[in-house]
There are 2 protein chains.
Amino acid sequence: MKTRIGLIDDHQLFLKSLSLMIESFREYEVVVEALNGKDLQEKLQTGTSIPEIMLIDVNMPVMDGVATARWLTEQHPGIKLVALSMNDEDKTIISMIRAGCCAYLLKDTHPTELEKALEEINSKGFYNGDASNVNYRRLIISQDKDQQFKVTGRELQFLELVCSDRTYKQIALEMGIAERTVDGYREAMFEKFKVASRVGLCLEAIRKNLVRL
Amino acid sequence: MKTRIGLIDDHQLFLKSLSLMIESFREYEVVVEALNGKDLQEKLQTGTSIPEIMLIDVNMPVMDGVATARWLTEQHPGIKLVALSMNDEDKTIISMIRAGCCAYLLKDTHPTELEKALEEINSKGFYNGDASNVNYRRLIISQDKDQQFKVTGRELQFLELVCSDRTYKQIALEMGIAERTVDGYREAMFEKFKVASRVGLCLEAIRKNLVRL
DNA sequence: CCCTACCCCGGGAAAATTCCCGGTATCCGA
DNA sequence: TCGGATACCGGGAATTTTCCCGGGGTAGGG
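Each residue is numbered by its place in its chain's sequence as written, counting from 1. Naming scheme: in the order in which they are written, chains are lettered from A and ligands are numbered from 1. Confidence filtering applies because this is a predicted model: local features only for residues at pLDDT of at least 70, side-chain atom pairs given and counted only at 80 or more, and all residues used for totals across whole chains, interfaces and linings. With hydrogens and water stripped out, all remaining heavy atoms of the structure feed into the side-chain values.

Trainee: Please explain the pattern of salt bridges as it appears in this structure.
Mentor: A side chain with one charge may pair with a side chain of the opposite charge, provided their charged atoms come close. Definition used for salt bridges: Asp or Glu carboxyl oxygen within 4 Å of a side-chain nitrogen of Lys or Arg. Counted according to the given criterion, the structure contains 26 salt bridges over all chains. A salt bridge links Lys16(B) to Glu33(B); the shortest N-O distance between them is 2.9 Å. Of the two residues, Lys16(B) is situated in helix H1 (residues 12-23) and Glu33(B) in strand S2 (residues 28-34); the sequence distance between them amounts to 17 residues. When accessible area is computed with a 1.4 Å probe and restricted to protein chains, residues below 20% of their type maximum are described as buried, those above 50% as exposed, and intermediate ones as partly exposed. Its relative accessible area of 25% is what places Lys16(B) among the partly exposed residues. Residue Asp183(B) pairs with Arg186(B) through a salt bridge whose shortest N-O separation is 3.0 Å. Placement of both Asp183(B) and Arg186(B) in helix H9 (residues 179-193) is noted, with a separation of three residues, approximately one turn of the helix. For Arg186(B), a relative accessible area of 17% puts it in the buried group. Each of Asp9(A), Asp57(A) and Lys107(A) takes part in one network of salt bridges that share partners. Helix and strand assignments come from DSSP, with helices taken as H or I runs of at least 4 residues and strands as E runs of at least 2, each series counted from the N terminus.

Trainee: It is not clear to me how the relation of the copies chain A and chain B should be interpreted in this structure. Could you clarify?
Mentor: Put simply, the second copy of the chain is the first one after a rotation about an axis and a shift along it. Least-squares superposition aligns the copies on the C-alpha atoms of those residues with pLDDT at or above 70 in both. Here chain A sits on chain B after a turn of 179° about the axis and a move of 0.2 Å along it, with an RMSD of 2.8 Å. Such a turn and shift between the copies fits a two-fold axis. Considering only C-alpha atoms, the residue of chain A closest to the rotation axis is Ser17(A), which sits at 2.1 Å. In this assembly the copies share their binding face: 100% of the residues contributing to the interface of chain A also contribute to that of chain B. In this description, contact between two residues means that some pair of their heavy atoms is separated by no more than 4.5 Å.

Trainee: In this structure, what is going on with the protein's contact with DNA strand C? I would like to understand it.
Mentor: A single heavy atom is enough: if one lies within 4 Å of a molecule or strand, its residue is considered near that molecule or strand. Neighbouring DNA strand C are 17 residues; Thr152(A), Ala178(A), Arg180(A), Tyr185(A) and Arg198(B) lie closest to it. Sugar and phosphate atoms form 63% of the subset of DNA strand C atoms that lie within 4 Å of the protein. Counting of polar contacts relies on pairs of N or O atoms within 3.5 Å, with two restrictions inside protein: one atom must be capable of donating a hydrogen and the other of accepting it, and residues adjacent in sequence are counted only when both atoms are side-chain atoms. Residue Thr181(A) places a side-chain N or O atom 3.1 Å away from a phosphate oxygen belonging to DNA strand C. Within the residue set of the surface near DNA strand C, elements represented by two or more residues are helix H9 (179-193) of chain A together with H9 of chain B. In terms of residue class, the surface near DNA strand C is made up of five nonpolar, four polar and eight charged. Residue classes follow a fixed rule: Ala, Val, Leu, Ile, Met, Phe, Trp, Tyr, Cys and Pro count as nonpolar, while Asp, Glu, Lys and Arg count as charged, and any other residue, Gly among them, counts as polar.

Trainee: For this particular structure, what's the right way to read the packing of helix H7 (residues 153-162) of chain A against H9(A)?
Mentor: Two quantities define a packed helix pair, namely the angle between the axes and the distance from one axis to the other. All names here are of chain A. Here, axes are lines fitted to C-alpha atoms. For helices the fit covers the stretch in contact, and angles between N-to-C directions go from 0 to 180 degrees. Across the interface, H7 lies against H9 with an axial gap of 10 Å and an inter-helix angle of 90°. Taken together, the axes of H7 and H9 are roughly perpendicular relative to one another. Facing H7, whose interface residues are Arg154, Glu155, Phe158 and Leu159, H9 presents Val182, Tyr185, Arg186, Ala188, Met189, Lys192 and Phe193. Split by residue class, the contact of H7 with H9 holds seven nonpolar, no polar and four charged. Working definition: roughly parallel below 35 degrees, roughly antiparallel above 145 degrees, roughly perpendicular at 65 to 115 degrees, and oblique for all remaining angles.

Trainee: Help me out: how do you make sense of the protein's contact with DNA strand D in this one?
Mentor: Not every one of the 17 residues close to DNA strand D is listed here, only the nearest: Tyr168(A), Arg198(A), Ala178(B), Arg180(B) and Tyr185(B). By atom count, sugar and phosphate contribute 60% of the portion of DNA strand D lying within 4 Å of the protein. For the surface near DNA strand D, the secondary structure elements donating two or more residues are H9 of chain A together with H9 of chain B. For the surface near DNA strand D, the element with the highest residue contribution is H9(A), accounting for five residues. By residue class, the composition of the surface near DNA strand D is five nonpolar, four polar and eight charged.

Trainee: Looking at this structure, I do not really get the sheet that holds strand S3 (residues 53-57) of chain A. What am I missing?
Mentor: Consider a sheet: its strands pair through backbone hydrogen bonds, and that pairing is either parallel or antiparallel. Residue and element names in this part refer to chain A. The five strands lie next to each other as S2-S1-S3-S4-S5, forming an open sheet whose pairing is parallel. Looking at strand neighbours, the two that pair on one side only are strand S2 (28-34) and strand S5 (101-106), the edges of this open sheet. The sheet shows a mean angle of 25° between the axes of neighbouring strands, taken without regard to direction. Two strands qualify as a pair provided DSSP detects at least 2 bridges between them. As paired strands, S3 and strand S4 (residues 80-85) are joined by five bridges and run parallel to one another.

So, in structure tokens, the structure goes:
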């Protein structure tokens, strides 16, 4: 009896060719392919056989990896979830793990490594590849750090205005507050982000995805 | 005689599984696989057979798609180049076409479409999928606009330093020029990018991918 | 009730940024 | 040999940013 695998990735080429590759492994067969979380929900309803392991891409339109993993953890707790991503940011890994994934694979993993991972997940129930070699302590620390970067609604609004061709005077006007108050926000943000200039703040805000470009 | 295909993509999983898929097409065989342009150069030197069609990922570390395509156009003009990307920005497409690609495929293309594309490239020498339906007029116009944003080496260096927590004094020191000269660069850039502050300049530089975050 | 978190504000001064005026030198291709 | 592009520099001044000092208020939980 082959182990049933499900795949979710928004890139058709990757989805189909990965499917081919997994079929070539002999121990595994692909029973569901979906382009995103929404697509998967529909396909599962039509009575396809439920996979034992689900490989989930993190970056997807419509319903992304985190949301999909969370939904699967809720609705199909029996399925073992594996995050699949090209991005090895701690933040992404942590949120997929928290969403219920028992492994995190990078897209530049070697195929034999993938097979090994699938085996381990099948037997042990989890897999720690080099992507997860990042020790959990560091993950948790960086998670803690991230929490310190939580900003209030007003601060976020300020950050967005900071990331533009505007003077603080204009920002004050736009926020409906005094210039001095804007100073206060700047100082608070400089402190939180450990920067010393508006440009530095601006760059950090973008890096942390608090502001979209 | 099968048509020889070469693949370049930095994601091992995708590379290997796409290779599998193309092998399954029966009319094609994969003769070279590389993780980036540099890797390809090395592999071509070791006397592997030269492919007739090369599929090139656009986003890669070390030596990216554009650079690789340019190099191949120079060194191996016989090879037909196909850009492969998940990103359908006009700018990316145009630069790959200009670098010598005769087709542009998106990674969410369906496998059958890929096969069709390969066939067309083989017979006609080019392929226009829906990604290229974007009319060329618009592409050329946006390209013209982009050309106004070409920057000299020194200006690029300046832009990178601008996008950091540094004062102009420090930038002058780092570039080995007088502070006044830095003023000149700033003024030139403000003019080119139509911005009025360092933050605005910084954001534009990032948006135009002149500076990496 | 106090403590904490968030939000708001005034005034003054040093430092950095922005914008003017002017100038020189080199290299390259028409 | 002439323009044009590139790189370089000085001095002065207005504006903005940055950093201090200080002071309010409200809302919510222990």
